[in-house]
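Descriptive structure summary
The chain contents come next:
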Amino acid sequence: MDDRDVAAPAGNPNDQLWVVATVGRLAGQGLLERPAETTDPIAVAGQRLLIAAGLLQTDPFGPSERLRSLLPAGAPLTAMSWFVRELLAMLSRYAEGAAAGWAETDQKLIRARGAESGHVFLSILERCRTYLPGVPERLDRSGAAFLDVGTGAAGIVIAMCRAHDELRAVGLDISAAAVTAAREQVAAAGLGNRAEIREQSVTAIEDVDAFDLLWVPQLFLPEPVLAEALPRLRRAARHGAGLLMPISTNSDTGVSGAVTGLRNLMTGGGTLSAQAASTMLQTAGFSGVEAVDLPAGTVMVARVE
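Keep in mind that this is a model prediction, so the values were computed, not measured. Going along each chain's sequence as written, the residues are numbered from 1 onward. Local features in this predicted model are restricted to residues whose pLDDT is 70 or higher, and side-chain atom pairs enter the listing and the counts only when it is 80 or higher, whereas totals over whole chains, interfaces and linings include all residues. No hydrogens and no water enter the side-chain calculation; it runs on all heavy atoms of the structure.

Considerations on the sheet that holds strand 9 (residues 297–303)
- When DSSP locates at least two bridges between a pair of strands, those strands are taken to pair. A run of H or I in DSSP becomes a helix once it reaches four residues, and a run of E becomes a strand once it reaches two; helices and strands are each numbered from the N terminus. The mixed open sheet is built from seven strands, whose spatial order is 5-4-3-6-7-9-8. The sheet is open, and its two borders are formed by strand 5 (195–199) and strand 8 (287–294), each paired with just one other strand. Each strand of the sheet is rotated relative to its neighbour by a mean of 15°, with strand direction disregarded.
- Pairing of strand 8 with strand 9 involves six bridges; the strand directions are antiparallel. By the bridge assignment for strand 9, Glu290 is matched with Val301.
- By the convention used here, residues are in contact when the closest approach between their heavy atoms is within 4.5 Å. Helix axes use the C-alpha atoms of the stretch in contact, all axes being lines fitted to C-alpha atoms, and the angles between their N-to-C directions lie in the range 0 to 180 degrees. Against the sheet, helix 9 (residues 223–236) makes contact with strand 3 (145–149), strand 6 (211–215) and strand 7 (237–247), and its axis sits at roughly 150° relative to strand 7, the strand it touches most.

Considerations on the pairing of strand 4 (residues 168–173)
- Remark: exposure states derive from per-residue accessible area (1.4 Å probe, protein chains only) relative to the maximum for the residue type, with buried under 20%, exposed over 50%, and partly exposed in between. Taking burial as the measure, the six residues of strand 4 include five buried ones, the bulk of the element.
- Considered for its hand, the β-α-β crossover made up of strand 3, helix 7 (residues 155–163) and strand 4 is right-handed.
- In this structure, strand 4 lies alongside strand 5, joined through five bridges in parallel fashion. By the bridge assignment for strand 5, Ala169 is matched with Ala195.
- Seen with its strands pointing away from the viewer, a crossover is right-handed if its path from the first strand over the helix to the second goes clockwise. Note that the unit made of strand 4, helix 8 (residues 176–188) and strand 5 has a crossover that is right-handed.

Some thoughts on the pattern of salt bridges
- Salt bridges are counted wherever a side-chain nitrogen of Lys or Arg sits within 4 Å of a carboxyl oxygen of Asp or Glu. What the rule picks out here adds up to 11 salt bridges.
- Between Arg113 and Glu86 there is a salt bridge, with its nearest N and O atoms 2.8 Å apart. Here Glu86 lies in helix 4 (residues 79–95) and Arg113 lies in helix 5 (residues 107–128), a separation of 27 residues in the sequence.
- The partner of Glu137 in a salt bridge is Arg129, and the shortest N-O contact between them spans 3.6 Å.
- Under the relative-accessibility criterion, Glu137 is labelled partly exposed at 44%.
- Within the structure, one salt-bridge network assembled from shared partners comprises Glu126, Arg129 and Glu137.

Re unusual backbone geometry
- Here Asp59 and Pro60 are connected by a cis peptide whose omega angle stands at -5°.
- Phi is positive for Ala154, close to 70°, though the residue is something other than glycine.
- Relative to the assigned elements, Ala154 resides in the loop between strand 3 and helix 7.
- Note on Ala154: relative accessible area 0%, which makes it buried.

Section: the packing of helix 1 (residues 13–28) against helix 2 (residues 41–52)
- Between helix 1 and helix 2, whose axes approach to 10 Å, the crossing angle comes to 125°. In terms of axis orientation, helix 1 runs oblique to helix 2. The element helix 1 and its partner helix 2 pack so that their crossing is left-handed. Contacts between helix 1 and helix 2 pair Trp18, Val19, Thr22, Val23, Arg25 and Leu26 from the former with Ile42, Ala43, Gly46, Gln47, Leu49 and Leu50 from the latter.
- Put simply, Ala, Val, Leu, Ile, Met, Phe, Trp, Tyr, Cys and Pro go in the nonpolar bin, Asp, Glu, Lys and Arg in the charged bin, and everything else, Gly too, in the polar bin. Class assignment for the residues of the contact of helix 1 with helix 2 results in eight nonpolar, three polar and one charged. Throughout, the term roughly parallel applies to angles under 35 degrees, roughly antiparallel to angles over 145, roughly perpendicular to angles from 65 to 115, and oblique to all others. Helix crossings fall into two classes, left-handed where the near helix is turned counterclockwise from the far one by less than a right angle and right-handed where it is turned clockwise.

Side note on the pairing of strand 9
- For strand 9, the tally of buried residues reaches five of seven residues, placing the bulk of the element in the interior.
- Sheet topology places strand 7 next to strand 9; six bridges connect them, and they run antiparallel. Residue pairing for strand 9: Pro246 is matched across the bridge by Val299.
- Connecting the antiparallel pair strand 8 and strand 9 is a turn made up of two residues.

Concerning the packing of aromatic side chains
- Here is the rule: rings of Phe, Tyr and Trp (six-membered ring for Trp) pair when centre to centre is within 6.5 Å. Planes less than 30 degrees apart are stacked, more than 60 are edge-to-face, and the remainder are tilted. Counted by the stated rule, this structure contains three aromatic pairs.
- Between Trp102 and Phe220, the ring centres sit 6.4 Å apart and the planes meet at 65°, which makes this aromatic pair edge-to-face. Residue Trp102 is located in the loop between helix 4 and helix 5, and its partner Phe220 is located in the loop between strand 6 and helix 9; the two are separated by 118 residues in the primary sequence.
- Considering the side-chain rings of Phe121 and Phe146, the 5.5 Å spacing of their centres and the 50° angle between planes classify their relative orientation as tilted. One end of the pair, Phe121, is in helix 5; the other, Phe146, is in strand 3, with 25 residues separating them in the sequence.
- Residue class for Phe121 comes out buried when judged on its relative accessible area of 1%.
- Clustering of aromatic rings is evident, with ring pairs tying together Phe121, Phe146 and Trp215.

Encoded structure:
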């Protein structure tokens, strides 16, 4: 998900925090698409605030296009609730002096991100299939395998296994909290015989000729880590395999540009241009590299030939 500011950068920072928090509260109550009851004055006041901020419209009542644009294709509006809670938690850690990197430990938030990530990933894969000829078909063959780097609560692993009956999936994460959540979610989904969750850095992966599709979200991987990992990922991919790598770019200016740059650093991967990402992929031995601009952001697509 794109963690862009919910509120516009201009204006009173205190006001903006209330706008952001109100989006999360009302999303959790299902009140971004219907008017609140007059018996709930806090919800009524919250909707009035979002209307004033241009995030809700009144005729017909519902989210504005500006609010919808904050979510990637495939994610329901209710995802705004966990998105805002996760964002505020990250901002709190940042304010307290936390180091860069995704460091969520709240099991509810980890699971919530995982629940939505599967839908978003399937949408991205569908939009990118023309850049990966033959790869979607490979996923339905016996012995097919998928690698999810930074698996979180294994939402993508589970979605892929459900979408492809023959597929085996491996999820990597260095967060012990995420690995715990992922293993529990995989077991609850009844996929323990097809999905493996490893508490492992992508720089330590030793698989060779093992995977038909790799998901490598740069936004969580510092550039030195990514540079070290890509040659290993190339060796782990089978001939004809594909790679999808969403990247954190920054074309904004002024306050928005500064916020985006800071957010990209705190998420872990920092800002990376499509040109720099393409060079890194080609240096690692990937071919057919393309930068695909999607509603969810820029995704690098590459193949192994």
